[in-house]
Each structure stands twice: as C-alpha cells, then as structure tokens.
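Residue-level listing of the chains:
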Amino acid sequence: MNRMHLGIDPNDRAAAAGADHADGSNAARGAAQVGIGLRQPHYREWAERRVALGFVEVHSENFFADGGAALAVLEGVRETHAVSLHGVGLALGSAVGIDAWHLERLARLVERIEPVRVSDHACFARAPFVKASSRPAQAAVFHAADLLPIAFTPASLDILCTNVDRVQERLRRSILVENLSAYLSFNDAEQMPEPVFFSELVRRTGCSLLLDVNNLVVNAINAQRDGLASADPVPAACAFIDVLPPGAVGEFHLAGYCDTGSLVIDDHGSRVHAPVWAVYEHALARFGALPSLIEWDTDVPSLDVLLDEAARAARRQNALTAPRAAA
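Only a predicted model underlies this, so the values are computations on that prediction, with no experimental measurement involved. (Residues numbered from 1 in each chain as written. Predicted model: local features only at pLDDT ≥ 70, side-chain atom pairs only at ≥ 80, totals over all residues. Heavy atoms only, no water.)

A.B. asks: Lay out the overall build of the chain with the relevant residues and their values.
C.D. replies: Across its full length, the chain carries 11 helices and 12 strands. Within the chain, buried positions represent 50% of all 327 residues. Pairs at least 24 apart in sequence give 78% of the contacts found in the chain among residues at least 6 apart. (Helix = DSSP H or I, 4+ residues; strand = E, 2+ residues; numbered from the N terminus. Buried < 20%, exposed > 50% of the residue type's maximum accessible area, 1.4 Å probe, protein only. Contact = heavy atoms within 4.5 Å.)

Right, dumping it as structure tokens:
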C-alpha cells in the first residue's frame with residue numbers, strides 16, 4: 001500500500017498547531033513537535049490554561065461513545081491543538097483479525113476529530129476459544145484486554161500486515177504501529193530480528209513506526225539481566241534504531257519505567273530515565289526532530305510536571321536543530 005494515496009499528510013496539522021509560536025525561539029520550535037498524553041485528572045486545568053504544545057495524545061477507546069462529557073472535552077481540545085489518537089484495542093497482531101465493531105467506532109472517531117496521527121500496537125489480544133453449551137461447541141473470540149507480544153516470524157508478519165492494511169483501507173490513511181515492551185520471548189527457528197521485522201512491516205504496508213524509546217530500553221535492560229544479551233542497554237537500543245530504514249519512524253514515545261531489581265517494568269509512572277534520554281538523542285540524530293510524546297499513565301502527576309518533561313524533550317530537539325538553523 002502506498003502511503004501517498006492514504007489522505008492528508010499527517011504532519012500538516014502538527015505544523016499548523018505550531019503556527020501561533022512564530023517568534024523563532026527555541027522554545028517555540030520545540031513546542032511544535034512535543035506533546036503529552038492528556039488524562040482525565042487534567043481536563044479542567046487544561047481548559048483553564050493556554051498550554052503551548054504541538055499536540056496532545058488520547059487513548060482512542062475512551063472516546064468511542066457518540067456523546068458525553070469526555071468527547072465534549074476532546075472536541076474542545078481539538079479546537080486549539082492537534083490531537084493524536086493512540087489505541088490499545090485493535091490487537092493488530094491477532095490471527096483472528098480485527099474486530100469489525102472496534103474498527104468502525106475508531107473510523108467514526110477519526111472522521112469526527114481529524115487527528116494528526118492514528119496509532120496502535122504490534123500486539124495480539126484476540127484469540128479463538130470454544131464455548132461449551134448444550135448445543136454443539138461454538139467457536140468464539142476472546143479479547144484479553146492486554147498488549148500481548150507477538151513472535152517476529154514470517155507468519156506473524158503476514159498477519160500483522162494483513163490487519164494493518166485493513167485498518168488503513170478503512171481509515172483511508174496510514175497509521176503508526178508501536179513496538180512493545182515484552183517480558184517473554186519466543187524460541188522459534190524462524191524468528192527475525194525485531195528491527196528487521198518492523199522494517200519489513202513498513203515496507204509492505206506503507207505504515208510508519210511509533211518508536212517507543214522507553215520500550216527499547218526496558219527490553220534491552222531485561223535482556224541483559226536475563227543473560228540474553230551482554231551489551232550495555234543503551235548501545236543495544238541504539239543498534240535497534242540503526243537497523244530501521246530512513247523515514248520509517250513517524251513519532252517517538254518517551255516514558256518512565258519501574259526497576260524492581262530483577263525486572264524492569266514499563267509502567268509509565270515516573271519521569272523519563274537517563275538511558276531513555278540517551279537513546280532518544282540517538283534517535284533524533286538518526287531520524288530528525290519528529291513529534292515526541294511524554295507518556296504518563298500511572299501515579300499521574302501535576303500538569304506542570306508533564307509540561308516540564310515535555311520541555312526537556314524540546315530542549316533535546318532544539319539542540320539538534322539549532323546548529324542546522326545557524327548554518
């Protein structure tokens with residue numbers, strides 16, 4: 001599928017969102033490319049403040065209803081900021097395919113909000129099971145309501161490509177697919193290196209990657225502690241990035257993780273850790289100052305803390321672009 005035929009350029013609205021900050025300052029340039037996840041505890045404060053950000057991200061499924069207070073808030077946000085819709089329920093890696101109801105609700109929300117980007121995860125959550133009854137056994141589909149990892153095999157790639165194609169055809173736009181943090185790996189002789197797997201996904205479907213930098217670091221640390229990798233986690237995560245082809249990435253995610261000592265968990269519950277910032281800087285050098293989101297979903301802090309994290313990302317973007325602008 002050729003992304004040139006999938007509708008609007010997803011960067012157009014992000015550029016428009018930064019138009020109010022045309023003073024040429026570093027802060028203004030960075031603000032146009034950095035966003036935060038907007039969560040319910042901040043709805044009221046958000047409405048009362050004029051926040052200089054390029055975009056906000058919300059979880060798509062929270063706005064599937066045809067009306068209500070949440071959707072009204074989102075429509076108000078859409079009047080002043082670009083909105084990125086980030087889903088957690090499409091289960092793009094599921095062999096049973098995409099849930100038709102879910103896809104239709106997403107399509108209606110996309111038509112209503114006109115988001116700058118639409119994304120979901122390279123995971124599975126839907127699987128068949130047999131439901132016992134007095135009648136002959138009937139096949140049904142169970143949804144695990146979780147982001148379960150997929151094997152990086154040719155067969156899994158075929159499934160993922162088929163489902164991504166279906167979503168893009170229905171939405172009439174390209175989507176972004178996010179890499180996961182995973183706490184198990186598959187012992188399969190056909191297993192492909194993960195960055196090669198995602199590179200093929202981009203090539204075959206015309207989608208882009210939502211590169212979660214935190215997930216790269218979490219997986220690299222856990223692999224090192226499990227004895228599956230001897231390399232330092234930061235260079236290992238940077239090596240993943242170096243395999244991806246130019247233009248493959250459309251957005252970065254940044255978040256905090258929880259280090260339990262034996263396992264690092266991607267909990268989105270703290271400030272971005274130093275290794276993640278280091279890998280982010282490498283990603284910026286490789287792909288440029290792409291839209292970057294601060295994710296924080298547990299122990300949600302004050303809005304000012306989120307904005308401070310966004311400012312840290314903007315400073316790193318500006319450090320990359322300032323020398324180019326001077327030249």
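Here the narrative resumes.
A.B. asks: How would you explain the packing of aromatic side chains if you had to name every residue and give the values?
C.D. replies: For any pair of aromatic rings, the description consists of the separation of the ring centres together with the inter-plane angle of the planes. A full pass over the atoms with the stated rule returns six aromatic pairs. Relative to phenylalanine 198, the ring of phenylalanine 197 lies with its centre 5.7 Å away and its plane at 85°, an arrangement referred to as edge-to-face. Across the pair, exposure class does not vary: phenylalanine 197 and phenylalanine 198 are buried alike. A network of ring pairs unites the aromatic residues Phe152, Phe197 and Phe198 as a single cluster. Above the plane of the ring of phenylalanine 55 lies arginine 117, whose end atom (NZ or CZ) is 4.6 Å from the centre. A cation sits over an aromatic face here: arginine 316 above tryptophan 277, 4.1 Å from the ring centre. (Phe/Tyr/Trp six-rings, centres within 6.5 Å; stacked < 30°, edge-to-face > 60°. Lys NZ or Arg CZ within 6 Å of the ring centre and 35° of its normal.)

A.B. asks: Go over a nonpolar patch on the surface with me, naming the residues and quoting the values.
C.D. replies: A surface patch of nonpolar side chains, amounting to about 240 Å² of accessible area, comprises Tyr183, Leu263 and Ile265. If you trace the backbone, isoleucine 265 turns up in strand β11 (residues 264–265). The class of isoleucine 265 is partly exposed, set by a relative accessible area of 33%. (Patch = residues over 30% accessible without salt bridge, like charges linked within 9 Å, V, L, I, M, F, W, Y side chains within 5 Å. Areas by Shrake-Rupley, 256 points an atom, 1.4 Å probe, with all protein chains shown as cover. Salt bridge = Lys/Arg side-chain N within 4 Å of Asp/Glu carboxyl O.)

A.B. asks: I'd love a proper account of helix α4 (residues 69–78), names of residues and values included.
C.D. replies: Turning to α4, its buried residues are Leu71, Leu74, Val77 and Arg78. Viewed end-on, α4 has its buried residues packed into an arc of 120°, placing them on one side of the element. (Arc of directions from axis to C-beta.)

A.B. asks: Outline the packing of α4 against helix α5 (residues 100–113), supporting the account with residue identities and numerical values.
C.D. replies: Their axes nearest at 11 Å, the elements α4 and α5 cross at an angle of 40°. Taken together, the axis directions place α4 and α5 in an arrangement best described as oblique. Contacts from Leu71, Leu74, Glu75 and Arg78 in α4 reach Leu109, Arg112 and Ile113 in α5. Residues belonging to the contact of α4 with α5 are distributed by class as follows: four nonpolar, no polar and three charged. (Axes fitted to C-alpha atoms, helices over the stretch in contact; angles between N-to-C directions. Parallel < 35°, antiparallel > 145°, perpendicular 65-115°, else oblique. Nonpolar A, V, L, I, M, F, W, Y, C, P; charged D, E, K, R; others polar.)

A.B. asks: Residue-level account of unusual backbone geometry, with values.
C.D. replies: Even without being a glycine, alanine 91 presents a positive backbone phi close to 55°. Inspection of the secondary structure puts alanine 91 in the loop between β3 (82–86) and α5. Unlike most non-glycine residues, arginine 172 shows phi in positive territory, near 60°. As for its placement among the helices and strands, arginine 172 is situated in the loop between α6 (154–171) and β7 (176–178).

A.B. asks: How would you sum up the side chain of asparagine 215? Please name residues and give values.
C.D. replies: Structurally, asparagine 215 is set in helix α8 (residues 213–225). We classify asparagine 215 as buried; its relative accessible area is 2%. Excluding residues that lie within four positions of it along the chain, asparagine 215 makes contacts with Glu178, Asn179, Leu180, Ser181 and Asp266.

A.B. asks: If you had to explain the pattern of salt bridges to someone new, which residues and values would you point to?
C.D. replies: Here the structure, examined in full by the defined rule, presents 17 salt bridges. Among the salt bridges present, the one from glutamate 45 reaches arginine 49, with a minimum N-O distance of 2.6 Å. Of the charged contacts in the structure, one is a salt bridge between arginine 203 and glutamate 200, with a shortest N-O distance of 2.8 Å. A residue pair is termed a helical-turn pair when its members lie 3 or 4 positions apart in one helix, as arginine 203 and glutamate 200 do in helix α7 (residues 194–205) at three residues. Residues participating in the shared-partner salt-bridge network are Arg271, Asp308, Glu309 and Arg312.

A.B. asks: Give me helix α10 (residues 274–287): which residues, what numbers.
C.D. replies: For α10, which comprises 14 residues, the first-to-last C-alpha distance of 20 Å matches the rise-based estimate of 20 Å (1.5 Å per residue) to within 8%. Along α10, the residues that are buried comprise Val276, Trp277, Val279, Tyr280, Ala283, Leu284 and Phe287. Each buried residue of α10 sits inside an arc of 165° when the element is viewed along its axis, so together they form one side. In this structure, α10 carries Ala274 and Ala285 as exposed residues pointing more than 90 degrees from its buried face. Positioned one or two residues after α10, glycine 288 has a phi angle of 95°, which is positive. (Expected span 1.5 Å × (residues − 1).)

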